[in-house]
Amino acid sequence: MTHQANPTVFEKTTESRVSVILLAAGKGSRMHSNTPKQFLELAGKPLLFYPLFTLEQSPLVDEVILVTGEDTVSFCRESLVEAYGFQKVKAIVPGGAERYQSVYQGLLAVQNLSKLHSHVVLIHDGARPFLTEEILSRVWEATLQYQAAIAAVPSKDTVKLMDARGFIAETPCRSQVWNAQTPQGFLFPVIMEAFQNLMEEEEKGNSLFVTDDAAVVELMGHCPVKLVEGSYENIKVTTPEDLFTAARILEKQEKRLF
Ligand code: CTP
Ligand code: MG
């Protein structure tokens, strides 16, 4: 009889408690709509309903911290959390002007809520309605294994880096280019330390160009970040045409379910 190595099995324990920071404090300037895109309707429900629903259903997720604009906290509480009975939303906190400032407010809320536990934090864009249990679970497992992991997909297009005059400066090898998505997962101390370093840089008046959380760990942390498979359907609704794509993906997913 041959002996096979046991596959790594990740079990949920108090140590692997999972908090999700769900980001919904953006203005959606590229959507050109008066309503922030996370509240635009998709099949009769606000876009933000969809990731909230997946997180509520997920056996992995213990708590959700919803970060939104100061002026939309009560809308989120009444029209989403209370209206649909989302029990896992433990705090709704106002975000900041930049995405990383909103994430930092979410991290402070996680710290306040879960003082006694060391755990995993998953950060997800509220503008990505098609989060699935499979993606959550791949990111969670890789986070336990590597301390930091993000969902991503191989780039379909060849990517060009542009110089200051608008000419191509470099063409990275396409097989090494991935498009970052969310969720992005981290052990709490890893992401908190990186963000505290980032906030110190901000206080010194240094300009910060970070558009995702992995970049904060890459620049300010001490831990390589693992890429795991996201999904081409896990789109971020950013410009008006993305709403049509989102409606088509939803139709397709509903056909799969029923
Ligand atoms: N986000 C946030 N706080 C900010 C900026 C963004 O919580 N200050 C959230 C958005 O609500 C969104 C996610 O981060 O769910 C991804 O950001 P992005 O797609 O850039 O959204 P917006 O910043 O709202 O859009 P735009 O950049 O077009 O203005
Ligand atoms: Mg933005």
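Calculation criteria
Per chain, the residues get numbers from 1 upward, laid out in the order the sequence is written. Ligands are numbered from 1 and chains lettered from A, in the order in which they are written. Local features in this predicted model are restricted to residues of pLDDT 70 or higher, and side-chain atom pairs are both shown and tallied only at a pLDDT of 80 or more, whereas totals for entire chains, interfaces and linings draw on every residue. Side-chain calculation: all heavy atoms of the structure are included, whereas hydrogens and water are not. Only strands joined by at least two bridges in the DSSP assignment are considered to pair. Each helix is a run of DSSP H or I of at least 4 residues and each strand a run of E of at least 2, with the numbering of both proceeding from the N terminus. Convention adopted: a line fitted to C-alpha atoms gives each axis, helices being fitted over their contacting stretch, and angles between N-to-C directions are expressed from 0 to 180 degrees. Throughout, exposure labels follow a simple rule: accessible area from a 1.4 Å probe, protein chains only, divided by the maximum for the residue type, with under 20% read as buried, over 50% as exposed, and the rest as partly exposed. For this purpose, a residue is taken to be near a molecule or strand whenever a single non-hydrogen atom of the residue falls within 4 Å of it. Within 3.5 Å is the distance limit for a polar contact, defined as a pair of N or O atoms, with the added protein rule that one can donate a hydrogen and the other accept it, and that residues adjacent in sequence qualify only through two side-chain atoms. Grid points spaced at 1 Å and placed over the protein atoms alone form the basis of the search, with a cavity being a set where a 1.4 Å probe fits but cannot get out and a pocket an open set showing protein on both sides within 12 Å along at least five of seven lines. Lining residues have an atom within 4 Å of a point. To qualify as sitting in a cavity or pocket, a molecule needs more than half of its atoms within 2 Å of the grid points.

Caption draft 1: How the structure looks around the sheet that holds strand β5 (residues 89-94). On the basis of which strands lie adjacent, the open sheet formed by 7 strands has the order β5-β4-β1-β6-β10-β7-β11 and mixed pairing. With one partner strand each, in any of the chains shown, β5 and β11 (226-229) form the two edges of the open sheet. Neighbour-to-neighbour, the strand axes of the sheet open up by a mean angle of 25°, direction not taken into account. As paired elements, strand β1 (residues 17-24) and strand β4 (residues 63-68) share 6 bridges and run parallel to each other. Paired with V20 across the bridge in β4 is V64.

Caption draft 2: Structural context of unusual backbone geometry. In this structure, the amide linkage connecting T182 to the following residue, P183, adopts the cis form with an omega of 10°. Topologically, P183 is positioned in strand β10 (residues 178-187). Its identity as a non-glycine residue notwithstanding, A43 has a phi of 50°, on the positive side. Within the fold, A43 resides in the loop between β2 (41-42) and β3 (45-46). At Q147, a position not held by glycine, the phi torsion is positive, near 80°. By secondary structure assignment, the location of Q147 is in the loop between α4 (133-146) and β7 (148-154). Taking the relative accessible area as the measure of exposure, Q147 reaches 36% and is therefore partly exposed.

Caption draft 3: Focus on the site of ligand 1. Residues in contact with ligand 1 amount to 19 residues; listed here are only the nearest, G28, S29, K37, S102 and K236. One nitrogen or oxygen atom from the main chain of G26 is found 3.0 Å from an oxygen atom belonging to ligand 1. Residue S29 places a side-chain N or O atom 2.6 Å away from an oxygen atom belonging to ligand 1. Structurally, ligand 1 is housed in the largest pocket.

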